[in-house]
Amino acid sequence: MNNRKKTYQTLAGVAAVGGSLYAMNAAATKLTKSLLYRHYKEDDRPSLLESRYQCENILINNNEGVKLRGLFINQDNAQQTLVILHPYALEAKDMSLYVPFLKEYIKDSHILLVDACAHGQSDGYIRGLGIKDVNDLVCWNQYLLGRFGKEHQLVLFGKECGANTILNAAGKHVLKNVKAIISDGAYTSPQQILGYRLVQDYKIPKMPMLLLLQRKIKRAVHINIKEDTTNYVKHNDIPTLYIHLKNDDFVPLKMVYPLYNANRGKKELFVLKDEKYLYELDSKSEMIKDFKQFIDQYVNG
């Protein structure tokens, strides 16, 4: 959680900058570095996830030779793997509380929790912002197919930036063995969520800051923050469940509707009114019944 706090502390520093072009450019440079780069990797820390489920530590290399880490929970005789992707600036272990909830409904499945590049115990220093991370998701799928065979299938769950990675991959048709997607808290594009946070939290006008950020990020790491997930889900044929909090304090609810409306394939939308997390859903609620119905139809069926 510390990395995420540091990033938004940098945003707070930007808020204090004056309006001159020089000051704005300097602030954009500082913010670009904070958003994109991990300057050091924290030591691995023990977690309840590993002690409860006896996770296997898996290391693979992506196409750029960067070592990626995943935590694998084995399930005997499983024919599929649930892959869990975390939000920006968090890590796989921060998704621990989702595991027992998802295990209860997604039956007979291995689980793989992935540290994105430049997060957690994965190597690398450049964060992919849900765009470059698509290639790493393909590498993880190749690993699973090599381990379990070409008929092995995936279920994909992502939170915020992790959800965008999955939706972008689905629209690009780079994964052919996915049964279903659960997208929790996805945003429309990196540019739009950055603009929202600048205005919402620090009362900074979107322009010219967003334009400066876009240019600096593209020049530095060839990532276009205008890349819009809405355009990708127009080509998504994988059954997808969109989940969003009514009072989401990071990604506004209004961002899920363009994604849902543009999505070409079978889709459902759940708006959580009182809960702060999916795993807080009451087991007797109507929404959990609908959630179970989606899982039974597209995953367990």
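Trainee: An account of the nonpolar core is needed here, citing residue identities and associated values.
Mentor: Grouped together as the largest cluster of nonpolar side chains are 35 residues, with contacts concentrated most on V83, L112, L137, L156 and I181. At 6 residues, helix α5 (residues 133–148) tops the list of elements feeding residues into this core. Ranked by size, the runner-up nonpolar core spans 34 residues in total, among them A92, V99, I182 and L281.

Trainee: Could you give an account of the pattern of salt bridges, naming the residues involved and the relevant values?
Mentor: Inspection of every chain in the model, using the stated rule, returns 14 salt bridges. R69 serves as the salt-bridge partner of D44, at 3.5 Å between the closest nitrogen and oxygen. In this pair, D44 is assigned in the loop between α2 (21–36) and α3 (48–53) and R69 in strand β2 (residues 67–73), connecting sequence segments 25 residues apart. Among the residues examined, D44 registers a relative accessible area of 40% and is labelled partly exposed.

Trainee: Please give an account of the environment of I111 that cites residues and values.
Mentor: Looking at the secondary structure, you find I111 in strand β4 (residues 110–114). Separated by 149 residues in sequence, I111 and Y260 have C-alpha atoms that sit 26 Å apart.

Trainee: Hey, could you go over the environment of P258 for me, with residue numbers and the actual values?
Mentor: Within the secondary structure, P258 is located in helix α10 (residues 256–262). Along the backbone, P258 and V233 are 25 residues apart, and their C-alpha atoms lie at a distance of 9.7 Å. Residues contacting P258, with those up to four places away along its chain left out, are T188 and T230.

Conventions and cut-offs
Residues numbered from 1 in each chain as written. Predicted model: local features only at pLDDT ≥ 70, side-chain atom pairs only at ≥ 80, totals over all residues. Heavy atoms only, no water. Core = buried A, V, L, I, M, F, W, Y, C linked by side-chain atoms within 4.5 Å. Buried < 20%, exposed > 50% of the residue type's maximum accessible area, 1.4 Å probe, protein only. Helix = DSSP H or I, 4+ residues; strand = E, 2+ residues; numbered from the N terminus. Salt bridge = Lys/Arg side-chain N within 4 Å of Asp/Glu carboxyl O. Contact = heavy atoms within 4.5 Å.

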